[in-house]
Amino acid sequence: MKRVWTTLKWTAARTVLRTVGRASRGIRIGYRFGFDSGVMLDHVYENRARGVLGVGRLIDRVFLDAVGWRAIRARRELLSRVLREEIGRREGEVFVLDVAAGPGRYLQDLVEQTPPGRLRVLCRDLAPAGLRKGEAMAAERGLTGITYEAGDALAPVAPEGRAPDVIVVSGLYELLLDDAEVRESIERLRGLLAEDGGLVFTTQTRHPQLELIAGVLTNRDGEPWVMKCRDMGQAEDWAALAGFKEVSSRRERVGLFTVTLCRA
């Protein structure tokens, strides 16, 4: 009986979102590109409610205020702070590679806030929509220190010219349900870094709405959006096994994510 009730509950919720909910800009983006997509995250980062008439903006405001999205915005703040600190401790131009960047709004902010010649950013992603949006945003802002190219985060290739000083993996590992994929990713990225490089990655350690998300929302492939939470210590152990000498983590203020900095 409980299983039947759960099925009916999620069916009703999906029906509401796919009908009335589409008045919200964020929900429309989610169903078009995936609620886990870079385009979706860019809407969450922007945090400006939009939609059809007043009801659409109201729904979008409620949507954007969900605890998971609030935590993602807090994660971005912490991630930006960690990257600014890492750039500040290095001399000369710092080359940052984000292997699953989407439009990279927070990276554009970082470029804009950093003195010319101190930062170069390469954003990679498999989704063309996110890359196109990022390029358009960078052009509109007149930014020259950030570029975009297609790339698979789980099969990364070395950038041309020089090895990255810092590699970023944000919002990816909770989408990987197989622990081995995360361990192998950390190992591969360690091999791409400059000799004294650093890896920065995020871990989702808990989420109070995992069941709701899997039951109602869809990912970029149109499948139920299923995520996996992991212990921060486990992720740190994998980094140490990959050969990183210094590994430390911080938790964002909402408390769902950690940001881990690993130095070679």
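One can find the structure itself at the top, above this paragraph.
For the structure given in this document, a descriptive report is provided here. (Residues numbered from 1 in each chain as written. Predicted model: local features only at pLDDT ≥ 70, side-chain atom pairs only at ≥ 80, totals over all residues. Heavy atoms only, no water.)

Some points on the nonpolar core
Here's step 1: By size, the foremost hydrophobic cluster in this structure holds 53 residues, and its most contacted members are F35, W69, L83, L107, V121, I146 and V200.
Here's step 2: Among the elements that line this core, the one with the most residues is helix α5 (residues 67-88), at ten residues.
Here's step 3: Look past the residues within four positions of F35 in its chain and what remains in contact with it is G26, I27, G30, M40, F63, W69, L217, T218, N219 and W225.
Here's step 4: Among the nonpolar cores identified, the runner-up in size contains 23 residues, and F95, I186, A239 and A242 belong to it. (Core = buried A, V, L, I, M, F, W, Y, C linked by side-chain atoms within 4.5 Å. Buried < 20%, exposed > 50% of the residue type's maximum accessible area, 1.4 Å probe, protein only. Helix = DSSP H or I, 4+ residues; strand = E, 2+ residues; numbered from the N terminus. Contact = heavy atoms within 4.5 Å.)

Focus on the pairing of strand β3 (residues 146-150)
Here's step 1: Relative to β3, strand β2 (residues 119-125) runs parallel, the two sharing five bridges. Bridged to L122 within β3 is T147.
Here's step 2: Considered for its hand, the β-α-β crossover made up of β2, helix α7 (residues 128-141) and β3 is right-handed. (Pairing = 2+ DSSP bridges. Right-handed = clockwise from strand over helix to strand, strands pointing away.)

Points about the packing of helix α2 (residues 25-33) against helix α3 (residues 38-46)
Here's step 1: The geometry of α2 relative to α3 is characterised by a closest axis approach of 9 Å and an angle of 165° between their N-to-C directions. When the axes of α2 and α3 are compared, the pair comes out roughly antiparallel. Judged by the sense of rotation from one axis to the other, the crossing of α2 with α3 is left-handed. Counted together, R25, G26, I29, G30 and F33 of α2 and V39, M40 and H43 of α3 form the full contact between these two elements. (Axes fitted to C-alpha atoms, helices over the stretch in contact; angles between N-to-C directions. Parallel < 35°, antiparallel > 145°, perpendicular 65-115°, else oblique. Left-handed = near helix turned anticlockwise from the far one by under 90°.)

What about the packing of aromatic side chains?
Here's step 1: Tallied over the full model, the rule gives six aromatic pairs.
Here's step 2: On the numbers, 5.2 Å between centres and 85° between planes, the contact of Y31 with F35 is edge-to-face.
Here's step 3: A relative accessible area of 14% means that Y31 is categorised as buried.
Here's step 4: Seen in terms of ring centroids, F35 and F63 are 6.1 Å apart; in terms of plane orientation they differ by 65°. Their pairing is edge-to-face. Of this pair, F35 sits in the loop between α2 and α3 while F63 sits in helix α4 (residues 53-64); the two residues are 28 residues apart in sequence, bridging distant segments of the chain. The residues F35 and F63 share a single accessibility class, namely buried.
Here's step 5: Residue placement shows R75 over the ring face of F257; its charged tip is 4.6 Å from the ring centre.
Here's step 6: Above the ring of F244, the side-chain terminus of R190 is found at 5.5 Å from the ring centroid. (Phe/Tyr/Trp six-rings, centres within 6.5 Å; stacked < 30°, edge-to-face > 60°. Lys NZ or Arg CZ within 6 Å of the ring centre and 35° of its normal.)

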